[in-house]
Structures are given as C-alpha cells and as structure tokens.
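So you can see what is in the structure, the chains are spelled out below.
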Amino acid sequence: MEKHSYLSRRKFIGAASTAATGLVLAKPLLGFPAILKNYNNPNSLIKGVQIGVITYSFRSMPDQSAEATLQYVLDSGISAIELMGDPAEYFAGKPKNPINRRKMYGLRRKQRQGEALTADEQQALTEMQAQAQAYGLEVAKWRAKASMDKFEQVRKMYTDAGVKIYGFKPSAFGQDNSDAEIHFGFKAAKALGASHVTLEHPSDDAHTKKLGKMAKKHKIQVAYHGHTQQTPTFWDTALEQSKFNSINPDMGHYVAAGYTDSLEFLKKFNKRISSMHIKDRTTPENGLKNLPWGTGDTPLVEILQLMSKEAYSFPATVELEYKIPEGSDAVKEVRRCLEYCQEVLG
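Everything quoted here is computed from the prediction, not taken from an experiment. (Residues numbered from 1 in each chain as written. Predicted model: local features only at pLDDT ≥ 70, side-chain atom pairs only at ≥ 80, totals over all residues. Heavy atoms only, no water.)

Novice: Lay out the nonpolar core in plain terms, naming residues and giving numbers.
Specialist: Judged by nonpolar contacts, the single largest core of 80 residues is most densely connected at Ile51, Phe151, Leu266 and Met276. Top element by residues in this core is helix H14 (residues 330-345). It accounts for 9 residues. Grouped together as the second largest cluster of nonpolar side chains are 7 residues, Met104, Leu107, Leu117 and Met128 included. (Core = buried A, V, L, I, M, F, W, Y, C linked by side-chain atoms within 4.5 Å. Buried < 20%, exposed > 50% of the residue type's maximum accessible area, 1.4 Å probe, protein only. Helix = DSSP H or I, 4+ residues; strand = E, 2+ residues; numbered from the N terminus.)

And the structure:
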C-alpha cells in the first residue's frame, strides 16, 4: 500500500472546529483560516490546485433549488463546482420528480454494495423504478423543448457570486436517453459555462463511442466517472475512441478497489482528466469505509501536493460521502474538507 503521510485526526478536527465556529466572530484572529477571510468572496484555488465540490455533496440539505445550492457552495467557501442536473433543470422548468429519490438511491447503494434487500425493500425499489421510467419519458418531452435562457441565467447567478461551474452532471447521457436528450445535455452544459459533462461510465463501448462522436459536434468533453470498478485500464477504450472522451476518476473509490498506484495513475493520465473526485476511503483489507479526511487510506496529501507541484489543471472535486457527525451538516463538512486541503497545500 502507498505510504500515507496524512494529517492527524486531532489536527484536522481542531482546524475544522475553528472553521465551523469562527463565523460568529466579528474580526479575524491570528492564524484564522484563510477560507473564512474570503467568506463573502470564496476562493478555493490553493497553490495552483482548484478545489471544487460536486453539489451531490449537499444532497442532505433541505432545499435543493439552484439558489439554495449556490448558498451552500458559498457558505462552504468553494469557488468552483461540478453541478448536478436537478438544481439547474428545475430552475429551467423541469417537471418535479414524484419519487423519493433518497430512498431509491439508498436501496440502489445497498444493492451495489452487495447487501441483500428485504422483500418489502425489493418491492419498493421495483415500484420506484417503474415510476422513474414514466417520469423519464415526461422529462424527455420537456428537454426536447427546453430553452437555454434559464441555464444562462443560472450561469450568471453563479458567476456573479464568484462560483465557476466547470462540470455538469444531468441524467441525460445514459443508454436509455434519446439523442435529443443527449444533445440537450451538451447544450445546457455549454450554457452553464462548463468545460465538460460527467456521467457514470456505462461499461458499453458502443455508447462511449457514440457520446464521443456527439461531444465532438458540441466541442465539449465527456468525462466518465468510476466507482470500485475502476482499474488502471478502465478508461482505455473510451480514450482511444475520441479525444472528446475523458476521465472523471474517483481516487477514494480507486483505493477501495484495491489499487495502490494513485500517483502513477495521475502522472499517466493527467492530460486526459477533466476533473477528479476526492474522498477518504479505506482499502478492502480495512473494510472499504468512507471516513473523515485524514483517517482513511486514500493518499490525499500526496495527491494534492502532486497536483500543485506538477501544475495539473484539472479540479479536485470534494465528494462528501462519509457520515455527517451529529450536530453538523453537509455545508460544515465540505468546509472541513476544504480546510484539510488548505492545511495540506498551505
């Protein structure tokens, strides 16, 4: 396993507590975290490394509108994001989803992790999947006629607040989506100012070839995300198919998949990475856990320092997946992750 010289848990939690409670102070203190000095004008570009966040990280927050999502981003101190589809699409008028997505995603995650569903859970998941299929048809009809004006308004709202949208992740690029929906996804991403769209790798060579061809028409990258199915050769075929196909790796999942060559991977593929997710997971030997940063096996220190040293241009995207401590919330925890990055790179 890679040598992992991470910050101590005590140092990380101590710094994070200062960040979480410091907002009530009237003026900065000596050694006050830089994130709070820029609280009203976020700047998460640290030593040349753009720290971003995927707005999926705020899924537990009560309001999922574009406006509320922007406030979560600002409150966390982040200045660049990978935007999930819903906040922008709902702002643009997408029909509301009748499904309890949190419950559905939870059941899917349970399945993906190899846990058996109860009979009631399986029935609930089956019913929600049928509802999701009907809802998907409704959304497809809306996307076929959707104006880009509202997406441009979202871009302006975020830009005016000091937040850059570098990636966009709508549910428009799957095998079940129509060509019209895929074209919509690319156009919406461009209207938002994103350089690339992201999606889960479909594990379908014909589909990645198709998306690469369509991406060329729109002059925007398609970045494929991976979970624990990632390997050092996972993206090879897609990358060979089109220069508009790229990588959206997750280095936490990569470690959880059992690979110890994270730095070598980044050195090899850095020119084909559009953005990269970071989280702290443990190896299979240590239980495949999602943990607060600095307490797992992901070599976050080495990854971030390599990015700074080599001036890699792709963003490092915070994806919050560890359990939120009692008394905290997603915004505070993303801010803690950013504070960790500042300690590492400062």
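Novice: Just give me the short version of unusual backbone geometry, but keep the residues and values in it.
Specialist: With a phi close to 55°, Lys219 is a non-glycine residue in the positive phi region. Topologically, Lys219 is positioned in the loop between helix H9 (205-218) and strand S6 (221-225). Despite not being glycine, Leu288 has its phi angle at roughly 55°, a positive value. With respect to the helices, strands and loops of the structure, Leu288 is situated in the loop between strand S9 (280-281) and strand S10 (290-291). Assessed through its relative accessible area of 39%, Leu288 is described here as partly exposed.

Novice: Please set out the environment of Glu67 residue by residue, giving values where relevant.
Specialist: Tracing the sequence through the fold places Glu67 in helix H3 (residues 66-76). We classify Glu67 as partly exposed; its relative accessible area is 42%. Placed 24 residues apart in sequence, Glu67 and Phe91 show a C-alpha to C-alpha distance of 8.8 Å. Apart from the residues lying within four places of it in its own chain, the contact partners of Glu67 are Phe91 and Met157. (Contact = heavy atoms within 4.5 Å.)

Novice: Hey, could you go over a positive patch on the surface for me, with residue numbers and the actual values?
Specialist: A cluster of basic side chains, namely Lys190, Lys216, Lys219 and Lys243, defines a positive patch on the protein surface. You can see Lys243 is positioned in the loop between helix H10 (236-241) and strand S7 (245-248). When its relative accessible area of 66% is taken as the criterion, Lys243 is described as exposed. (Patch = residues over 30% accessible without salt bridge, like charges linked within 9 Å, V, L, I, M, F, W, Y side chains within 5 Å. Areas by Shrake-Rupley, 256 points an atom, 1.4 Å probe, with all protein chains shown as cover. Salt bridge = Lys/Arg side-chain N within 4 Å of Asp/Glu carboxyl O. Lys, Arg positive; Asp, Glu negative; His and termini not counted. Charge placed at Lys NZ, Arg CZ, Asp CG, Glu CD.)

Novice: Give a description of the pairing of strand S5 (residues 196-200) that names residues and reports values.
Specialist: The element S5 is largely enclosed, with a buried count of 4 among its 5 residues. Taking the sense of rotation as the criterion, the β-α-β connection linking strand S4 (residues 164-169), helix H8 (residues 179-192) and S5 turns out right-handed. Pairing analysis gives 5 bridges linking S5 to S6, with the strands arranged parallel. Counterpart to Val197 in the pairing with S6 is Val222. In this region the chain leaves S5, passes through H9 and returns to the parallel neighbour S6; the handedness of that crossover is right-handed. (Right-handed = clockwise from strand over helix to strand, strands pointing away. Pairing = 2+ DSSP bridges.)

Novice: Help me get a handle on the state of the cysteines, residues and values and all.
Specialist: Within the structure shown, the criterion is met by 0 disulfides. Sulfur of Cys337: no disulfide; nearest cysteine sulfur belongs to Cys341 and is 7.2 Å away. Of the residues examined, Cys337 reaches a relative accessible area of 0% and is grouped as buried. (Disulfide = S-S within 2.5 Å.)

Novice: Now, about the pattern of salt bridges: what can you tell me, with residues and values included?
Specialist: Tallied over the full model, the rule gives 12 salt bridges. Arg143 serves as the salt-bridge partner of Glu89, at 2.9 Å between the closest nitrogen and oxygen. Residue Glu89 is found in helix H4 (residues 85-91), and its partner Arg143 is found in helix H6 (residues 119-145); the two are separated by 54 residues along the sequence. Here Arg143 falls in the buried class, since its relative accessible area comes to 4%. Salt-bridge contacts for Glu333 lead to Arg336; the nearest nitrogen and oxygen are separated by 3.0 Å. Remark: Arg336 and Glu333 occur in helix H14; sequence separation between them is 3 residues, near one turn of the helix. Here Glu333 and Arg336 have matching classes, each one buried. Residues participating in the shared-partner salt-bridge network are Asp86, Glu89, Lys94, Arg143 and Glu181.

Novice: Please provide a residue-by-residue account of the pairing of strand S2 (residues 49-54), values included.
Specialist: The two faces of a sheet get side chains in turn, since along a regular strand they alternate between them. The element S2 is largely enclosed, with a buried count of 6 among its 6 residues. Side chains Val49, Ile51 and Val53 of S2 all project onto a buried face; the interleaved residues Gln50, Gly52 and Ile54 project onto the opposite face, where all are buried too. Both strand S1 (residues 45-46) and S2 contribute to a ladder of 2 bridges, which runs antiparallel. Each bridged residue has a counterpart across the sheet, and for Leu45 the counterpart in S2 is Gln50. Between S1 and S2, which pair antiparallel in sequence order, lie 2 residues; one of them, Lys47, sits at a positive phi of approximately 50°. Pairing of S2 with strand S11 (residues 316-318), which is carried by 3 bridges, proceeds in the parallel orientation. Following the sheet pairing, Ile51 is matched in S11 by Ala316.

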